[in-house]
Amino acid sequence: MARVWVDTELCNGCKLCIKKCPYGAVELRDGKAFILDTCTACGSCIEVCKFKAILSDIEPRKIPDFSDRKGVWVFAEQREGIISRVSLELLSKARELAAELNEEVSAILLGYNVSDLIDILIEHGADNVFVAEHELLKDYSTIPYTNVIEGLINQYKPNIFLLGATHIGRDLAPRISRRIGAGLTADCTELSIDPEERLLLQTRPAFGGNVMATIVSRYSRPQMATVRPGVMELKKERSSKGEVIRYEVSLINEQDMGCKILERVKEEKKGVDLTDAKCIVAGGRGVGDKEGFKKIEELAQLLGAEVAGTRVAVEEGWIGTDRQVGQTGQSVRPELYIACGISGAIQHRAGIMNARYIVAINTDPRAPIFQVADWGIVGDLHEVIPEMIQQLKERKASGGELDA
């Protein structure tokens, strides 16, 4: 096991290593740094020591040669012949990343009789579309999809592979990551390219959303990440190339399925998907109860908006889980977001950061939501919202336009 120790003759007790150690494994003894048994040999203290007083027998890890890894890939998730919006959002982002790397963008499309979806992927920026069609791929199943994508990655060796952080993406990505021995960053909210190392910088909330961590994969390829729906801007940019590559499926059989779909029962959803909404009226703890949400719903109906809520509103049963906005819910980018009785914890702000305009209603003038709001109303939502509703009704009665 690797060891870390201190040369006491060189150490001057500056305490930089104590501050740097993420595990609290360094302390001061007799004015000199001392390494505790809880040390994980991460090397943080070695890097920060200006006097080279901290020594180790850790062998530097060599970065493999990845010069043969080219291309930014996106998993084109489809259900019943419809491409998920997040996949198109990722194609838009992939074009930005690929432009910086001078590489091509490719989409992976799995299913059965899905050839009519190829043009959609090319229209949204795919230079290449890898198509794998088979009856057993008609409906998503973990093992068959993993087998096919593993084969594609091993054969064509992409540099970056992105998936939507949907139910399917969150199931599929770790399986593929494990199979090919690559790192994976889940639920990213931002992606960029480091100009010097040309690595993918994968940013995601950590420690309950209290910090934003940026992660890089130096020692494995492809660099894999799942990205939350709604955080990337969708831009329709047709590829000038648009090559279709048919992949022969030979790695799956009936035994790989694990389970068989006998029937689908779809839950009837009210309204549109929050990620597509142009206007959203959301309620938080300040709404008080389910009865209080009726005011939120009335205001939303007048504005032609969708209703949403915070995690507290969902846990209290005031609103459905599919209406939750925030780090553990959905990320949205409406033209207008009205936050009613929402304090604005960082977990919630992470989900609304891409809204064009934010209106906040809260009794606490120091509430964090006001830091990101374009307009703020300090007041009781139970008084403010009825007044808004009344004025909107009067405007509507006089022939005014209410479209948010």
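Quick look at the structure, then. Just so we're clear, the structure is a prediction, and the values are computed from it rather than from any experiment. (Residues numbered from 1 in each chain as written. Predicted model: local features only at pLDDT ≥ 70, side-chain atom pairs only at ≥ 80, totals over all residues. Heavy atoms only, no water.)

Some thoughts on the overall build of the protein chain
For step 1, the next point in the chain: If you tally the helices and strands in the protein chain, you get 11 helices and 21 strands.
For step 2, the next point in the chain: Seen along its three principal axes, the alpha-carbon backbone of the protein chain occupies a region of about 85 × 60 × 40 Å.
For step 3, the next point in the chain: A total of 404 residues make up the protein chain; the buried ones form 48% of that total.
For step 4, the next point in the chain: Counting only contacts in the protein chain whose residues sit at least 6 apart along the sequence, the fraction spanning at least 24 positions is 63%.
For step 5, the next point in the chain: Looking at the protein chain as shown, the accessible area adds up to about 21600 Å², and 47% of this sits on carbon and sulfur atoms.
For step 6, the next point in the chain: The protein chain carries 51 positive and 59 negative side-chain charges, and their two centres are separated by 3 Å. (Helix = DSSP H or I, 4+ residues; strand = E, 2+ residues; numbered from the N terminus. Buried < 20%, exposed > 50% of the residue type's maximum accessible area, 1.4 Å probe, protein only. Contact = heavy atoms within 4.5 Å. Areas by Shrake-Rupley, 256 points an atom, 1.4 Å probe, with all protein chains shown as cover. Lys, Arg positive; Asp, Glu negative; His and termini not counted. Charge placed at Lys NZ, Arg CZ, Asp CG, Glu CD.)

Remarks on unusual backbone geometry
For step 1, the next point in the chain: Following Arg221, the chain continues into Pro222 via a peptide bond in cis, with omega recorded as 0°.
For step 2, the next point in the chain: Tracing the backbone through its elements, the reader meets Pro222 in the loop between β14 (211-215) and β15 (223-227).
For step 3, the next point in the chain: Non-glycine residue Glu80 carries a positive phi angle of around 55°.
For step 4, the next point in the chain: Considering the arrangement of structural elements, one finds Glu80 in the loop between β6 (78-79) and β7 (82-83).
For step 5, the next point in the chain: Phi at Asn102 takes a positive value of approximately 60°, unusual for a residue other than glycine.
For step 6, the next point in the chain: Topologically, Asn102 is positioned in the loop between α3 (85-101) and β8 (105-111).
For step 7, the next point in the chain: Take Asn102: its relative accessible area is 71%, and that puts it in the exposed class.

Focus on the sheet that holds strand β13 (residues 200-206)
Backbone-to-backbone hydrogen bonds pair the strands of a sheet. The strands run either parallel or antiparallel.
For step 1, the next point in the chain: Ordered in space as β12-β13-β14, the three strands form an open sheet in which the pairing is antiparallel. Bordering the open sheet on either side are β12 (190-193) and β14, each of which pairs with just one other strand. For this sheet, the mean angle separating the axes of adjacent strands, direction not counted, is 25°.
For step 2, the next point in the chain: With five bridges joining them, β13 and β14 adopt antiparallel strand pairing. Directly across from Gln202, in β14, lies its bridge partner Ile215.
For step 3, the next point in the chain: Across the sheet, α3 lies against β12 and β13, angled at about 15° from β12, the strand it touches most. (Pairing = 2+ DSSP bridges. Axes fitted to C-alpha atoms, helices over the stretch in contact; angles between N-to-C directions.)

Some thoughts on the packing of aromatic side chains
For step 1, the next point in the chain: All told, the structure shown has seven aromatic pairs when counted by the stated rule.
For step 2, the next point in the chain: Here Trp73 and Phe161 contribute two aromatic rings whose centre-to-centre distance is 6.4 Å and whose plane-to-plane angle is 90°, an arrangement assigned as edge-to-face. On the criterion of sequence distance, the pair formed by Trp73 in strand β5 (residues 72-75) and Phe161 in strand β10 (residues 160-164) is long-range, its members being 88 residues apart. Neither residue differs from the other here; Trp73 and Phe161 are each classed as buried.
For step 3, the next point in the chain: The interplanar angle of 45° and the centroid separation of 5.5 Å between the aromatic rings of Tyr357 and Trp375 together place this pair among those described as tilted. Of the two residues, Tyr357 sits in strand β20 (residues 357-362) while Trp375 sits in strand β21 (residues 375-378), which places them 18 residues apart along the sequence. (Phe/Tyr/Trp six-rings, centres within 6.5 Å; stacked < 30°, edge-to-face > 60°.)

Some remarks on the environment of Ala206
For step 1, the next point in the chain: Mapped onto the elements of the fold, Ala206 is located in strand β13.
For step 2, the next point in the chain: Along the primary structure Ala206 and Ala186 are separated by 20 residues, whereas in three dimensions their C-alpha atoms are 11 Å apart.

Thoughts on the pattern of salt bridges
One side chain can pair with another of opposite charge once the charged atoms of both are near each other.
For step 1, the next point in the chain: Within the structure shown, the criterion is met by 24 salt bridges.
For step 2, the next point in the chain: Linking Arg95 and Asp127 is a salt bridge whose minimum nitrogen-to-oxygen distance equals 3.5 Å. Placement of Arg95 in helix α3 and of Asp127 in the loop between α4 (118-123) and β9 (128-133) is noted, with a sequence separation of 32 residues between them.
For step 3, the next point in the chain: A salt bridge links Lys236 to Glu123; the nearest nitrogen and oxygen atoms lie 3.9 Å apart. Taken together, the residues Lys236 in the loop between β15 and β16 (243-246) and Glu123 in helix α4 connect sequence positions 113 residues apart.
For step 4, the next point in the chain: Note on Glu123: relative accessible area 27%, which makes it partly exposed.
For step 5, the next point in the chain: Via salt bridges that share partners, Lys93, Glu96, Glu190 and Lys235 belong to a single interconnected network. (Salt bridge = Lys/Arg side-chain N within 4 Å of Asp/Glu carboxyl O.)

Some words on the packing of helix α7 (residues 293-303) against helix α11 (residues 381-397)
For step 1, the next point in the chain: Between α7 and α11, whose axes approach to 10 Å, the crossing angle comes to 30°. In terms of orientation, α7 and α11 fall into the roughly parallel class. Considering the relative orientation of α7 and α11, their crossing is left-handed. Of the residues in α11, those touching α7 at Lys295, Ile296, Glu298, Leu299, Leu302 and Leu303 are His382, Ile385, Pro386, Met388, Ile389, Leu392 and Lys393.
For step 2, the next point in the chain: Split by residue class, the contact of α7 with α11 holds nine nonpolar, one polar and three charged. (Parallel < 35°, antiparallel > 145°, perpendicular 65-115°, else oblique. Left-handed = near helix turned anticlockwise from the far one by under 90°. Nonpolar A, V, L, I, M, F, W, Y, C, P; charged D, E, K, R; others polar.)

Focus: helix α5 (residues 142-156)
For step 1, the next point in the chain: Helix length check: α5, at 15 residues, gives a terminal C-alpha distance of 21 Å against a target of 21 Å (1.5 Å per residue), a fit within 8%.
For step 2, the next point in the chain: Within the span of α5, buried status applies to Thr142, Pro144, Tyr145, Thr146, Asn147, Val148, Ile149, Gly151, Leu152 and Ile153.
For step 3, the next point in the chain: Where α5 is buried, its residues touch β5, β6, β8, β9, β10 and α6 (167-180).
For step 4, the next point in the chain: Downstream of α5 by one or two residues, Lys157 has phi in the positive range, about 50°. (Expected span 1.5 Å × (residues − 1).)

Honestly, it's all geometry; don't read function into it.
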